[in-house]
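# Architecture and fold: a report
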Amino acid sequence: MINTDVSTTLKINKPAQKVFEAIISPVEIGHYWFSSSSERWGEGKRITLKYDEYQAEGVITVLEMEANKKIVFAWGEEHGEVTMVTITLEESQSETIIKVVESGLNAHDPEIVAKMMGQKEGWVYTLTCLKGYLENGISSLRASLIH
């Protein structure tokens, strides 16, 4: 059985509190990731995320949150393939190492390699947009990826 976990790690030159807030805040998320988030993320909440530019919408269920350290959510119900996303933040000297691990992709899916590559590309892109936004105030990178 192959390991289908998709892992992406990036350094952001901001404190973990700023990175954490950018993820869970419906105001902040629109600057680098989704167009909108239905509400502030919190443990046990179901959040609707919209991508106006792609006419797409998805729902996540926040399973676990530890302020400035960890967020775990499930998504993909609308596509019939639920995966778990674990985001961890590790702060050191006012910079943060953010790591995203997405797990639960079906190893028996004949398209598994393409799906894993797509998820990896998406996470690298999302974290790059987050870095650009937090470090340099750039909010024009989001929703530029052409599928």
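Each remark here, short or long, concerns the structure printed above.
Summary of the structure given here. Quantities reported herein were computed from a predicted structural model and do not represent experimental measurements.

Analysis parameters
Once a new chain begins, its residue numbering starts again from 1 and follows that chain's sequence as written. Whole-chain, interface and lining totals are the exception, using all residues; otherwise, since this is a predicted model, local features are given only for residues with pLDDT of at least 70 and side-chain atom pairs are given and counted only at 80 or more. To obtain the side-chain values, all non-hydrogen atoms of the structure were included, while hydrogens and water were left out. Any two strands with at least two DSSP-identified bridges between them are counted as paired. Starting at the N terminus, helices and strands are each numbered in turn, a helix being any DSSP run of H or I of at least four residues and a strand any DSSP run of E of at least two. The salt bridge definition used is simple: a Lys or Arg side-chain nitrogen within 4 Å of an Asp or Glu carboxyl oxygen. In this analysis, two residues are considered to be in contact whenever any of their non-hydrogen atoms come within 4.5 Å of each other. Comment: axis = line fitted to C-alpha atoms, over the contacting stretch for helices; angle = value between 0 and 180 degrees taken between N-to-C directions. Type-normalised accessible area, obtained with a 1.4 Å probe on protein chains alone, sets the label of each residue: buried when under 20%, exposed when over 50%, and partly exposed for intermediate values. Pairs of N or O atoms within 3.5 Å make up the polar contacts considered here, provided that, within protein, one atom can donate a hydrogen while the other can accept it, and that residues adjacent in sequence are counted only when both atoms are side-chain atoms. Residues grouped as a nonpolar core are buried Ala, Val, Leu, Ile, Met, Phe, Trp, Tyr and Cys residues, joined through side-chain atoms within 4.5 Å. Side-chain rings of Phe, Tyr and Trp, where Trp is taken by its six-membered ring, are said to pair if the distance between their centres is within 6.5 Å; with planes under 30 degrees apart they count as stacked, over 60 as edge-to-face, and otherwise as tilted.

### Side note on the pairing of strand β4 (residues 56–66)
Relative to β4, strand β3 (residues 46–51) runs antiparallel, the two sharing six bridges. From the neighbouring strand, I47 faces β4, where its bridge partner is I60. Joining the antiparallel neighbours β3 and β4 is a turn of four residues, in which Q55 adopts a positive phi near 50°. Relative to strand β5 (residues 70–75), β4 runs antiparallel, the two being bridged by six bridges. In the strand pairing of β5, V62 is matched with F73. Following β4, the chain reverses through three residues before pairing antiparallel with β5; N68 in that reversal takes a positive phi of roughly 65°.

### Describing the pattern of salt bridges
Scanning all chains against the criterion turns up nine salt bridges. For the salt bridge of E77 with R46, the shortest nitrogen-to-oxygen distance reads 3.2 Å. Placement of E77 in the loop between β5 and β6 (83–92) and of R46 in strand β3 is noted, with a sequence separation of 31 residues between them. Across the salt bridge formed by E64 and K70, the nearest N and O atoms sit 3.4 Å from each other.

### Notes on the sheet that holds β4
An order of β1-β7-β6-β5-β4-β3-β2 is seen for the seven strands of this open sheet, with the pairing classed as antiparallel. Each of the sheet's edge strands pairs with one partner strand only, and the pair in question is β1 (6–12) and β2 (36–37). Against the sheet, helix α1 (residues 16–24) touches β1, β4, β5, β6 and β7 (95–103), its axis set at about 155° to β6. Together, β1, β5, β6 and β7 form the strand contacts of helix α3 (residues 112–136), whose direction differs from that of β1 by roughly 15°.

### Observations regarding the environment of Y32
Looking at the secondary structure, you find Y32 in the loop between α2 (26–29) and β2. Y32 sits in the buried class, given a relative accessible area of 2%. Along the backbone, Y32 and I138 are 106 residues apart, and their C-alpha atoms lie at a distance of 8.1 Å. Side-chain polar atoms of Y32 contact the backbone nitrogen of I23, separated by 3.5 Å.

### Remarks on the nonpolar core
Within the largest apolar cluster, 32 residues are counted, with the highest numbers of intra-cluster contacts made by W33, W41 and F73. Listed by contribution, the elements that provide at least two residues to this core are α1, β3, β4, β5, β6, β7 and α3. Element by element, the count of residues in this core is highest for α3, at seven residues.

### Topic: the packing of aromatic side chains
Per the stated rule, a full pass over the model turns up eleven aromatic pairs. Aromatic side chains W33 and W41 sit 6.3 Å apart centroid to centroid with 50° between the ring planes, which places their arrangement in the tilted category. For W41, a relative accessible area of 3% translates into the label buried. Their ring planes at 45° and their centres at 4.7 Å tell us that F34 and Y51 sit as a pair that is tilted. Taken together, the residues F34 in the loop between α2 and β2 and Y51 in strand β3 connect sequence positions 17 residues apart. Linked through ring pairs, Y32, W33, F34, W41, Y51, Y54, F73, W75, W123 and Y133 together constitute an aromatic cluster.

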